[in-house]
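Secondary and tertiary structure notes
Here are the chains, one letter per residue:
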Amino acid sequence: MKRQLLLYIFLLIGLHACDYLPKLGGGGEGGNILQKQEKKNPNYVCDMISNKIHSFSFLMKVNNKQAEHIREETLDTYAANGYNLLWQNEKNNAYSDNIQTLLATLRNAEEQGLNPVNYKVDVMDTLFNQIYQQQKFKEEQVLLNKIDLDLSLTASALAFISDLSNGQLKHKWDIPKSKSNLSQVLISALAKNEVKDVIQQITPKFIGYDGMVKAFNKYKKIKKDGGFPKITTSGLAYNKTNKAAGKLAHYLYLTGDYPDKVEKGVSIKYDKKLKDAVKNFQKRYGISASGSVNNTTLKYLNTPIDETLKLLELNLERYRWLPDDLGERYVFVNIPEFMIKVVEDDKQVLDMRAVVGETSSRTEIFTQPITHIVFSPIWNIPQSISRDDIIKWLDVNPGVLYVGDVLSYYKGKLIEDPYSVDWKAARKDWRNYTFKQQPTEQNSLGDVKFMFPNKYSIYLHDTPAKEYFQNRVRAESAGCVRVAEPVNLAKFLLDDQSSWSTGRIKNAMAGTKQRWAHLTKPVPVYLYYLTAFVDKEGQLNFRPDLYRHDRRQMKKFEL
């Protein structure tokens, strides 16, 4: 019922807009069928455009996962243009150069990891040639087919703009997309005859996106040229010359890890240069860089190239889910990489290791602005941890509270003597007990926490457990993100406040009481998830699917 009402409202708007259309001409009792229809109803063409957009057959022509949205944007586009044709002249054979620009752009959509088939390029190209080159249609059929072509061009352009700027799939990640009016973007592009320029403007600007596009097209060419050779460890040994080493070198030349061109089928020596190439490959995959081809390395070397291309497509899609403008300064946490990257003026100025949530207590994917920093923080221990990891041990030894510098409270009142509490009985009444760890060297938050208020109760913080930063896989937290270089991050966030020198920051972190520092301007932090990305050196990297998001989202591509 709601949908029918909405369509009715759109139809009324469309009919009202038709009042501004110029008449087609003709006059008299004669004329073709179209002219006779127009004589009976001066808004005949306008009605036809509106009705075609509202028809089920229009939806069938829109090969897009958000076809209803594209229909609404198409309707808005023609309503804003008085329901006139956008790409052609109704009365003669004149048409816009933007048609061929758009068709050429859509043909090359695969360069962005998008499928040209989704935009009906061949169908539109055929209809264009039938109308203007072959002049296949006569009288009223000319305008009817012009309308079909115009609607197809508009819908395909809007679908491509939407896919490139917003992504193709719906997702549940808490990353608000910058709101953009697709119809206004297209109308502006057509009015200025700048379709190509506008498409360049809506292409994601996130650092590394262009590199990912280049990597995607590079792997497509490798596939076209026959793909990667299958690598085996048989006969593969350091300082040994054979075809097995030559095959490995050829593979790594294709990926860019080995500097010299190596043809298929040649024998070379597994020397330091090849070993270094293997190490670089391993680093790019986030595995131990030994320089020898172990089972894990072999598995990645022999990953089918079609799987790699699908993974690159998925991560290109994830780039599009990010806002159009991430901010002049922002903090980006790539969860599968276990890294924090700090960006200013589109340049990565800092990067540091991170510890993220383990698989049973994942770090959520979302964005919020960092508003303030708390030095020497008190840790208000979450009730889930209190219930599962604290109260059950206090019946054995309440002294652990003293050891951990933790204060206990019952209904908000401090418990002066933990030994006086029946902690076994407290298990049933656990909701009334709270615990706070004081700002000492043992505090689980370390010496500072970076606050961006959110519904997940997640933040970035220091940690006394520095040893975890040396691990290759760093999924060890209860959901928050631990920061390896908190002083550097604090200095970056407060660098516009001269009163917060590095020395003052360190002193505040070493205190025994909480101190707050408010940012003069909030800085966005993005907790995100890329399993394929291009680093600041321009190298393509891969990481394991820590939380299995790849598997679930790839299934959506197949629907």
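Each residue is numbered by its place in its chain's sequence as written, counting from 1. The model is predicted, so local features are restricted to residues of pLDDT at least 70 and side-chain atom pairs to those at 80 or more, both for listing and for counting; the totals for chains, interfaces and linings are taken over all residues. To get the side-chain values, take all heavy atoms of the structure and skip hydrogens and water.

Remarks on the overall build of the protein
Note the following rule: Secondary structure counts use DSSP, requiring at least four H or I residues in a row for a helix and at least two E residues in a row for a strand, with both numbered from the N terminus. Each radius of gyration is computed over the set of C-alpha atoms, and the globule rule expresses the reference value as 2.2 Å times the number of residues to the power 0.38. Categorising residues by exposure relies on relative accessible area from a 1.4 Å probe, with only protein chains included: less than 20% of the type maximum marks a residue as buried, more than 50% marks it as exposed, and the intermediate range marks it as partly exposed. Residues count as neighbours in contact if any of their non-hydrogen atoms are within 4.5 Å of one another. A 1.4 Å probe and the Shrake-Rupley method give the accessible areas. Residues count as covered only by the protein chains that appear here. Charged residues are defined narrowly, with Lys and Arg counted positive, Asp and Glu counted negative, and His plus the chain ends left uncounted. Charged groups are reduced to one reference atom each: NZ for lysine, CZ for arginine, CG for aspartic acid, CD for glutamic acid.
The helix and strand tally for the protein stands at 21 helices and 17 strands. The C-alpha radius of gyration of the protein comes to 31 Å, more than 25% above the 24 Å expected for a compact globule of 559 residues. Its C-alpha atoms put the protein at 105 × 70 × 50 Å along the principal axes. Classification of the 559 residues of the protein by burial places 49% in the buried group. Residue pairs in contact within the protein that sit at least 24 positions apart in sequence constitute 68% of those at least 6 positions apart. Within the structure as shown, the protein displays about 28,100 Å² of accessible surface, and the carbon and sulfur contribution to it stands at 50%. Separation between the mean location of the 79 positive side-chain charges and that of the 64 negative ones in the protein comes to 4 Å.

Some remarks on helix 10 (residues 195–202)
For the record, the criterion: When we speak of the arc, we mean the arc of directions from the helix axis to the C-beta atoms.
Buried residues of helix 10: V195, V198, I199 and I202, and no others. Looking straight down helix 10, one finds that the buried residues subtend no more than 100 degrees of arc, so they occupy a single side. Exposed and oriented more than 90 degrees from the buried face of helix 10 are K196 and Q201.

Regarding the pairing of strand 6 (residues 366–375)
Quick note on the threshold: Two strands are counted as paired when DSSP detects at least two bridges linking them.
In terms of burial, strand 6 is a largely internal element, 7 of the 10 residues being buried. Sheet analysis places strand 6 next to strand 15 (residues 515–528), joined by 9 bridges and oriented antiparallel. Bridged to V374 within strand 15 is W516.

Some details on the sheet that holds strand 9 (residues 413–414)
Taken in spatial order, the 4 strands of this open sheet run 7-10-8-9, and their pairing is antiparallel. A single partner strand is all that each edge strand has here, and the edge strands are strand 7 (379–380) and strand 9.

Overview of the side chain of S183
Here S183 shows up in helix 9 (residues 182–191). What makes S183 buried here is its relative accessible area of 2%. Every residue in contact with S183, bar those within four places of it in the chain, is listed here: E73, D76, T77 and L158.

Details of the pattern of salt bridges
Going by this rule: The rule for a salt bridge is simple: a side-chain nitrogen of Lys or Arg has to be within 4 Å of a carboxyl oxygen of Asp or Glu.
Counting across every chain of the model gives 19 salt bridges. Of the charged contacts in the structure, one is a salt bridge between D125 and R107, with a shortest N-O distance of 3.4 Å. In this pair, D125 sits in helix 7 (residues 121–133) while R107 sits in helix 6 (residues 98–107), placing the two residues 18 residues apart along the sequence. For D125, a relative accessible area of 22% puts it in the partly exposed group. For R107, a relative accessible area of 34% gives the class partly exposed. Across the pair R284 and D257 runs a salt bridge whose closest N-O atoms are separated by 2.7 Å. Here R284, found in helix 13 (residues 272–284), pairs with D257, found in the loop between helix 12 (243–255) and strand 2 (268–269); they are 27 residues apart in sequence, far enough to count as distant. Using a relative accessible area of 8% as the deciding quantity, one classes D257 as buried.

Quick look at the nonpolar core
Across soluble globular proteins, you tend to see nonpolar side chains buried next to one another. Stated precisely, the cut-off is as follows: Only buried residues count toward a nonpolar core, which is a set of Ala, Val, Leu, Ile, Met, Phe, Trp, Tyr and Cys residues joined through side-chain atoms within 4.5 Å.
Ranked by size, the top nonpolar core spans 112 residues in total, and within it I49, W87, L248, L252, L274 and Y528 carry the most contacts. If sequence neighbours within four positions are ignored, L252 has contacts with D257, Y258, L274, A277, V278, F281 and L301. Membership of the second largest hydrophobic core comes to 51 residues, among which are Y433, Y459, L494 and I505.

A look at the packing of helix 5 (residues 67–80) against helix 9
Spelled out, the test is: Here an angle of 0 to 180 degrees is reported between the N-to-C directions of two axes, which are lines fitted to C-alpha atoms, with helices fitted over the stretch in contact. Angle categories: roughly parallel below 35 degrees, roughly antiparallel above 145, roughly perpendicular from 65 to 115, and oblique for all the rest. Here a crossing is called left-handed whenever its near helix is offset anticlockwise from the far helix by less than a right angle, and right-handed whenever the offset is clockwise. Polarity classes work like this: nonpolar for Ala, Val, Leu, Ile, Met, Phe, Trp, Tyr, Cys and Pro, charged for Asp, Glu, Lys and Arg, and polar for all others, with Gly in that last group.
Contact geometry for helix 5 and helix 9: axes closest at 8 Å, N-to-C directions at 45 degrees. Considered as vectors, helix 5 and helix 9 are oriented oblique to each other. Note on packing geometry: the crossing formed by helix 5 with helix 9 is right-handed. Contacts between helix 5 and helix 9 involve H69, E73, D76, T77 and A80 from the first element and L182, S183, Q184, L186 and I187 from the second. In terms of residue class, the contact of helix 5 with helix 9 is made up of 4 nonpolar, 4 polar and 2 charged.

Quick look at unusual backbone geometry
Positive phi values are uncommon outside glycine, yet N239 reaches one of about 70 degrees. Note that N239 resides in the loop between helix 11 (209–224) and strand 1 (241–242). You can call N239 partly exposed: its relative accessible area is 46%. Even without a glycine there, the phi angle at F338 is positive, about 60 degrees. Position of F338 among the secondary structure elements: in the loop between strand 3 (329–334) and strand 4 (339–344).

Observations regarding helix 8 (residues 140–166)
Side chains three or four residues apart in an α-helix point the same way, a direct result of the helix having 3.6 residues per turn. Note the cut-off: The span expected for a helix works out to 1.5 Å for each residue beyond the first.
With 27 residues, helix 8 should reach 39 Å at 1.5 Å per residue; the first-to-last C-alpha distance of 39 Å fits that figure. Across the 27 residues that make up helix 8, a large majority, 22, are buried. G167, located one to two residues past helix 8, shows a positive phi value of around 95 degrees.

Re a positive patch on the surface
To keep things clear, this is the line we draw: In this analysis, a patch consists of residues with relative accessible area above 30% that form no salt bridge, clustered at 9 Å for like charges and at 5 Å for the nonpolar side chains Val, Leu, Ile, Met, Phe, Trp and Tyr.
Judged by side-chain charge, R362, R548, R551, R552 and K555 come together as a positively charged surface patch. With respect to the helices and strands, the residue R548 is situated in the loop between strand 17 (540–542) and helix 21 (549–558). By relative accessible area, which is 48% here, R548 ends up partly exposed.

Looking at the packing of aromatic side chains
Test applied: Centres within 6.5 Å make a pair out of two Phe, Tyr or Trp rings, where for Trp the six-membered ring is used; the pair is then stacked when the planes are under 30 degrees apart, edge-to-face when over 60, and tilted otherwise.
Scanning the entire structure with this criterion turns up 28 aromatic pairs. With a centroid separation of 5.9 Å and 55 degrees between ring planes, the pair formed by F332 and Y528 is classed as tilted. Taken together, the residues F332 in strand 3 and Y528 in strand 15 connect sequence positions 196 residues apart. Measuring from centroid to centroid gives 4.8 Å for Y410 and Y433, while their planes differ by 50 degrees, and the two rings are tilted.

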